[in-house]
Amino acid sequence: MASVQAHRVKYLDAFRGIAILLMIPLHLFLFGGGLSGVWGGGGSGSATVYPLPIALSRPLSTGIILFFFVCGFALVESLAKREGKQSLLQMEKHVVIRYGLYMLIGVAAELLLTLYSKGITDIAYQVQRIFGMASLSLSQPIIGLALAAMIAFPIMRYLSWKKLLLLALVWAVAEGLIIYTVDFPKELIYRLLFVNSFAVMKGIPMVLFGGAVGKALHEGKEIGKKAFYAALAVVLAYVVVPFFLNTGGYHLILVLWAYPYAMTFVAAASIVALGIFIGLERRGTKLSALTVLGRSSFAVYYGHYVILYFGLALLSYLGVETTLPIVLTEMVIATIAIWIIIYFVSKRKWGDPSTW
């Protein structure tokens, strides 16, 4: 990728698309009764507790998902396309408006959901809850990602990929030292910046890392075999080694939801996935089935929750118990439904995906 393309970067959209595709069944399983199905019967179920080598409570719980990496890469693409045409202030304004709109939509969706399910008596309290007081809310990932993007974008303008990589590492280590040693107050600002699972200061290092990789590729660098296999070794180590620690399948929670394991695992997984998709594109592999999901990631994120809630409401109305086979069926149907809807909507809006 030695030069900037006028069209969208297909392997980046495909990468984002596969991340979304993995997210849909995971959320449907977690929030749609899958765990209670595994542990027997409907209702809330009860979990067997396995010993874990690290606490998963906040501030150590960390939702550093692949989208933070993709966001950093996408910001570099946006920067490259506007370089020489807009000032930094104009480019930053574009980022703030875009991600600020995502935040507003997220907050509005959260308020509407709360109004529907519980009713709202204090809007100011609900806004505080959304931004920092809730254990986990529907819009926290969007809020954390949006604020991290706004802060990271101007940094990417001036730093080389090597300096971005170094800054990402230093920032991640500093954040780790802070959350492991500091007893944070319960005020909203601390939760928003440091404590929440999608806290801004946790997300920025991954956004910077994505930006570093994006800049390196723009300069003609490649994900070499050494880097690819080193990253693959890290991924496999996190997946395989903990089986010998007698933690059962619960060890996978570590690589998805605990600092610094999530940071390390996602960084390595991002390099592996990106290397695979770049290789597939160079071989002329059609990636349209995934790029449609990647281009409409925001709509997919909220859309799959709508389908989830509708499905749960329908099962409750029909008196159907949320057994594991029911949840698995719901996962398959919902995932296919979202995929088909997004494909035809995207095709109608932007034309055939192969022309993007």
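Whatever comes next refers back to the structure up there.
The following refers to the structure shown. Remember, predicted model here, so these are calculated numbers, not experimental data.

**Topic: the nonpolar core**
Here's step 1: Formed by 100 residues in total, the largest nonpolar core has its most connected members in Tyr11, Phe69, Leu75, Met206 and Leu274.
Here's step 2: Broken down by element, the residue count for this core peaks at 13 residues, all from helix H12 (residues 261-282).
Here's step 3: Among all residues touching Leu75, those that are not within four sequence positions of it are Val95, Tyr99, Ala149, Phe153, Met156 and Val207.

**Examining the layout of surface pockets**
Here's step 1: Taken as a whole, the second largest pocket holds about 850 Å³ of empty space.
Here's step 2: In this structure, the second largest pocket is lined by 33 residues; those nearest its centre are Arg16, Arg98, Tyr99, Tyr102 and Ser297.
Here's step 3: At the level of elements, helix H1 (10-31), helix H3 (66-82), helix H4 (88-117), helix H6 (140-158), helix H13 (288-295) and helix H14 (297-318) are the ones that each hand at least two residues to the lining of the second largest pocket.
Here's step 4: For the lining of the second largest pocket, the leading source of residues is H3, giving nine residues.

**Some details on unusual backbone geometry**
Working note: non-glycine residues mostly have negative phi, and peptide bonds are mostly trans.
Here's step 1: The linkage connecting Tyr259 with the following residue, Pro260, adopts the cis geometry, with an omega of 5 degrees.
Here's step 2: Along the chain, Pro260 falls in the loop between helix H11 (251-257) and H12.

**Some details on empty space enclosed by the protein**
Where empty space is left can be seen by rolling a probe of water-molecule size over the atoms.
Here's step 1: Summed over the entire model, instances satisfying the criterion amount to one cavity of 30 Å³ or more.
Here's step 2: The space that makes up the largest cavity amounts to roughly 50 Å³.
Here's step 3: If you go around the largest cavity, the residues you meet are Phe131, Gln140, Ile143, Gly144, Leu192, Asn196, Phe198 and Ala199.
Here's step 4: Examining the composition of the lining of the largest cavity, we find that three residues originate from one element, H6, more than from any other.
Here's step 5: Of the residues that constitute the lining of the largest cavity, the class distribution is five nonpolar, three polar and no charged.

**A word on a nonpolar patch on the surface**
Here's step 1: Together, Leu236, Val239, Val240, Phe243, Phe244 and Leu252 make up a nonpolar patch on the protein surface, roughly 570 Å² of accessible area in all.
Here's step 2: The element contributing the most residues to the nonpolar patch is helix H10 (residues 225-240), with three residues.
Here's step 3: Relative to the helices and strands, Phe243 is located in the loop between H10 and H11.

**A closer look at the environment of Phe198**
Here's step 1: Along the chain, Phe198 turns up in the loop between helix H8 (188-195) and helix H9 (200-218).
Here's step 2: Look at Phe198 and you get buried, because its relative accessible area is 7%.
Here's step 3: Measuring from C-alpha to C-alpha, the distance between Phe198 and Gly132 comes to 9.8 Å, with 66 residues separating the pair along the chain.

**Details of the packing of aromatic side chains**
Here's step 1: In this structure the tally under the stated criterion is 13 aromatic pairs.
Here's step 2: Taken together, the aromatic side chains of Tyr99, Tyr102, Phe298, Tyr301 and Tyr302 make up a single cluster linked through ring pairs.
Here's step 3: Over the ring of Tyr158 we find Arg157; its NZ or CZ atom is 5.7 Å from the centre of that ring.
Here's step 4: In this structure, Arg295 is placed above the aromatic ring of Trp350, and the distance from its NZ or CZ to the ring centre is 3.9 Å.

**Looking at the packing of H4 against H14**
Here's step 1: Packing of H4 against H14 leaves a shortest axis separation of 12 Å and a crossing angle of 10 degrees. By the criterion of interaxial angle, the relationship of H4 to H14 is roughly parallel. Along the contact surface, H4 presents Tyr102, Ile105, Gly106, Ala109 and Leu113, while H14 presents Phe298, Tyr302 and Tyr309.
Here's step 2: Residues that form the contact of H4 with H14 fall into these classes: seven nonpolar, one polar and no charged.

**Brief notes about the environment of Glu281**
Here's step 1: Within the secondary structure, Glu281 is located in helix H12.
Here's step 2: Under the relative-accessibility criterion, Glu281 is labelled partly exposed at 31%.
Here's step 3: Remark: the alpha-carbon pair of Glu281 and Tyr11, spanning 270 residues in sequence, is separated by 6.5 Å.
Here's step 4: When near neighbours in sequence (up to four residues on either side) are disregarded, Glu281 contacts Lys10, Tyr11 and Leu287.

**Description of the packing of helix H7 (residues 161-181) against H9**
Here's step 1: At a minimum axis distance of 8 Å, the contact between H7 and H9 shows a crossing angle of 165 degrees. The orientation of H7 relative to H9 falls into the category roughly antiparallel. Seen from above, H7 lies across H9 with left-handed handedness. Judged by residue contacts, Trp161, Leu164, Leu165, Leu167, Ala168, Trp171, Ala172, Glu175 and Ile179 of H7 engage Met201, Lys202, Ile204, Pro205, Leu208, Phe209, Gly211, Ala212, Lys215 and Ala216 from H9.
Here's step 2: A class-by-class count of the residues in the contact of H7 with H9 yields 15 nonpolar, one polar and three charged.

**Topic: the pattern of salt bridges**
Here's step 1: Throughout the structure, instances matching the rule amount to four salt bridges.
Here's step 2: A salt bridge links Glu110 to Arg129; its shortest N-O distance comes to 3.8 Å. Separated by 19 residues along the polypeptide, Glu110 in helix H4 and Arg129 in helix H5 (residues 123-133) bring together distant segments of the chain.

The rules behind each value
Residues numbered from 1 in each chain as written. Predicted model: local features only at pLDDT ≥ 70, side-chain atom pairs only at ≥ 80, totals over all residues. Heavy atoms only, no water. Core = buried A, V, L, I, M, F, W, Y, C linked by side-chain atoms within 4.5 Å. Buried < 20%, exposed > 50% of the residue type's maximum accessible area, 1.4 Å probe, protein only. Helix = DSSP H or I, 4+ residues; strand = E, 2+ residues; numbered from the N terminus. Contact = heavy atoms within 4.5 Å. 1 Å grid on protein atoms, 1.4 Å probe; cavity = no way out; pocket = protein on both sides within 12 Å on 5 of 7 lines; lining within 4 Å. Points joined across faces, edges and corners; volume = space filled by probe spheres on them. Nonpolar A, V, L, I, M, F, W, Y, C, P; charged D, E, K, R; others polar. Patch = residues over 30% accessible without salt bridge, like charges linked within 9 Å, V, L, I, M, F, W, Y side chains within 5 Å. Areas by Shrake-Rupley, 256 points an atom, 1.4 Å probe, with all protein chains shown as cover. Salt bridge = Lys/Arg side-chain N within 4 Å of Asp/Glu carboxyl O. Phe/Tyr/Trp six-rings, centres within 6.5 Å; stacked < 30°, edge-to-face > 60°. Lys NZ or Arg CZ within 6 Å of the ring centre and 35° of its normal. Axes fitted to C-alpha atoms, helices over the stretch in contact; angles between N-to-C directions. Parallel < 35°, antiparallel > 145°, perpendicular 65-115°, else oblique. Left-handed = near helix turned anticlockwise from the far one by under 90°.

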